[in-house]
Amino acid sequence: RNVVIGGGTGFIGSALSTLLRREGYGVTVVSRVPGPQRISWADLGKNGLPPETTAVVNLAGQNVLDPTRRWTKGFKQNVWASRVNSTSSLAEAIIEAKAKPKVFITISGVGIYKPCASKEYTEDYEGKPFDFLSNLCHDWEAAGNLPIDVGVRRVILRSGVVLGRNGGMVKQLWLPFYFGMGGPVGDGNQFLPWIHIDDITRLILFAIENESVKGVLNGVSPEIITNKQFTKALARAMWRPASIPVPVFLLNLAFSEERAKMMTEGQKVIPKRTQAYGFKYCYPDVQTACQSLVRNAK
Ligand code: NDP
């Protein structure tokens, strides 16, 4: 039982590696940086998948919200290529492999759904891309499609914001919130699709182990919340006030409007298929999710 994880050194990837090892799986990470139990993307292209690979997961991707990087054409190209090319390299390796893995799981984002105050999005949605990020999600998901005769189960997880202490949004918000400088983004009424780090990694394990799971699954919690409700939950868990709103124009200025949208707008996303498969969340509500982040920080 060996799992190959593209981007397995990252925030979600390292939490997934820990969970898989605890469950008795072997893990090989595909990374740009050499290290133990790692192979490079060039090795993957040259030698293919390691022997006895039973599942392949792709979690690679240049951090879109890196505040130190300007939203230039070149950076957007990095954001795109790091996801689409890594996914197609893994798909290629699966197609070439003599002994096939059972399943290929890739992550994608809820940015595929158009932000809207009234619409509810399930996995059945079939809308067209409407901006850079939705185009990216489409190309990213398509890059992992395998011909049917390859016979490998395919799963796509459209993840909401992953809440964990060691990465993603919470890591960036921790200091401002700690100093009581936190607050909602704009009026805070935009939806914030979210999932706890333990649940997204457990959902990946669930998809590896359940042979009936295939297709698109929304990787979001069943509790629909707004940015304001999240802000309140995190602040309460940290015993801090959080009443200083972050003006939208400031985020547009710092991040450029096209990517600031990830914070200033949101979608109402329902994990319909995820729940229909019987996945049970450890953190179905945001208050307990935030409390666990604070507990784990000590
Ligand atoms: P991280 O930024 O923590 O890690 C992703 C990994 O991708 C890195 O460890 C790195 O591995 C690899 N990587 C980074 N830049 C590049 C590049 N230019 N080319 C190739 N590989 C690169 O991301 P997360 O763990 O937070 O997220 C994993 C994936 O899930 C991403 O694609 C992200 O878009 C997606 N996602 C994340 C969400 C979140 O809230 N965190 C929400 C929805 C989707 P190495 O340095 O070893 O090569």
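In case you missed it, the structure is sitting above this.
Please read all numbers here as calculations on a predicted model, not as lab measurements. Sequence order sets the numbering: in each chain, residues are counted from 1 along the sequence as written. With the structure being a predicted model, the display of local features is reserved for residues of pLDDT at least 70 and the display and counting of side-chain atom pairs for 80 or more, all residues being used for whole-chain, interface and lining totals. Note: side-chain values were computed over all heavy atoms of the structure, leaving out hydrogens and water.

Re the packing of helix H5 (residues 168–178) against helix H7 (residues 227–237)
Now for step 1: Where H5 meets H7, the closest approach of the two axes is 11 Å, and the angle between their N-to-C directions is 60 degrees. Accordingly, the angle class assigned to the pair H5 and H7 is oblique. Along this stretch, H5 crosses H7, giving a crossing that reads as right-handed. Between H5 and H7, the contacting residues are Met169, Val170, Leu173, Trp174 and Phe177 on the first element and Phe230, Thr231, Leu234 and Ala235 on the second. Where helices are involved, their axes are fitted lines through C-alpha atoms of the stretch in contact, as for all axes, and angles between N-to-C directions lie from 0 to 180°. Starting at the N terminus, helices and strands are each numbered in turn, a helix being any DSSP run of H or I of at least four residues and a strand any DSSP run of E of at least two. The labels follow the angle: roughly parallel below 35 degrees, roughly antiparallel above 145, roughly perpendicular from 65 to 115, and oblique for the rest. Crossing handedness follows the turn of the near helix against the far one: under a right angle anticlockwise gives a left-handed crossing, and clockwise gives a right-handed one. Note on contacts: a residue pair qualifies if any of its non-hydrogen atoms lie within 4.5 Å across the two residues.

Considerations on unusual backbone geometry
Now for step 1: Located in the positive-phi region is Glu52, a residue other than glycine, with phi close to 60 degrees.
Now for step 2: Residue position: Glu52 is located in the loop between helix H2 (41–47) and strand S4 (53–58).
Now for step 3: Whether a residue is buried, partly exposed or exposed follows from its accessible area with a 1.4 Å probe, protein chains only, as a fraction of its type maximum: under 20%, in between, or over 50%, in that order. Relative accessible area serves as the criterion here: at 64%, Glu52 is assigned to the exposed category.
Now for step 4: Even without being a glycine, Trp239 presents a positive backbone phi close to 55 degrees.

Side note on the sheet that holds strand S5 (residues 103–109)
Now for step 1: In this scheme, strands are said to pair when DSSP sees at least two bridges between them. An order of S3-S2-S1-S4-S5-S7-S10 is seen for the seven strands of this open sheet, with the pairing classed as parallel. Of all the strands in the sheet, the pair left with one neighbour each is strand S3 (38–39) and strand S10 (215–219).
Now for step 2: In the packing of helix H3 (residues 73–96) onto the sheet, contacts are made with strand S1 (2–6), strand S2 (26–30), S4 and S5, and the angle to S4 comes to roughly 165 degrees.
Now for step 3: Packing against the sheet, helix H6 (residues 197–209) makes contact with S1, S4, S5, strand S7 (153–159) and S10, and its axis sits at approximately 165 degrees to S7.

Some thoughts on the pairing of S10
Remark: a regular strand shows side chains that alternate across the two faces of the sheet.
Now for step 1: Burial of S10 is extensive: four of the five residues sit out of reach of the surface.
Now for step 2: Inspection of the sheet shows S7 paired to S10 by five bridges, in the parallel sense. Across the sheet, Arg158 pairs through a bridge with Asn218, a residue of S10.

Quick look at the environment of Pro101
Now for step 1: Following the sequence through the fold, Pro101 ends up in the loop between H3 and S5.
Now for step 2: Leave out the neighbours within four places in its chain, and Pro101 touches Leu49, Thr53, Thr54, Ala55, Val56, Ile94 and Val152.

Quick notes on the nonpolar core
Now for step 1: With 48 residues, the main nonpolar core has Leu20, Val57, Ile105 and Ile208 as its most contacted residues.
Now for step 2: Element by element, the count of residues in this core is highest for H6, at eight residues.
Now for step 3: Ignoring anything within four residues of it in the chain, the contact list for Ile208 reads Val3, Leu20, Tyr25, Ala55, Val57, Val103, Ile105 and Arg153.
Now for step 4: Counting 20 residues, the second-largest nonpolar core is a separate cluster that includes Phe177, Ala233, Tyr283 and Val286. Residues belong to one nonpolar core when they are buried, are Ala, Val, Leu, Ile, Met, Phe, Trp, Tyr or Cys, and are joined through side-chain atoms within 4.5 Å.

Things to note about the state of the cysteines
Now for step 1: Any pair of cysteine sulfurs within 2.5 Å is marked as a disulfide. One pass over the full model with this rule turns up zero disulfides.
Now for step 2: The cysteine Cys282 is free of any disulfide, with Cys290 supplying the nearest cysteine sulfur at 15 Å.

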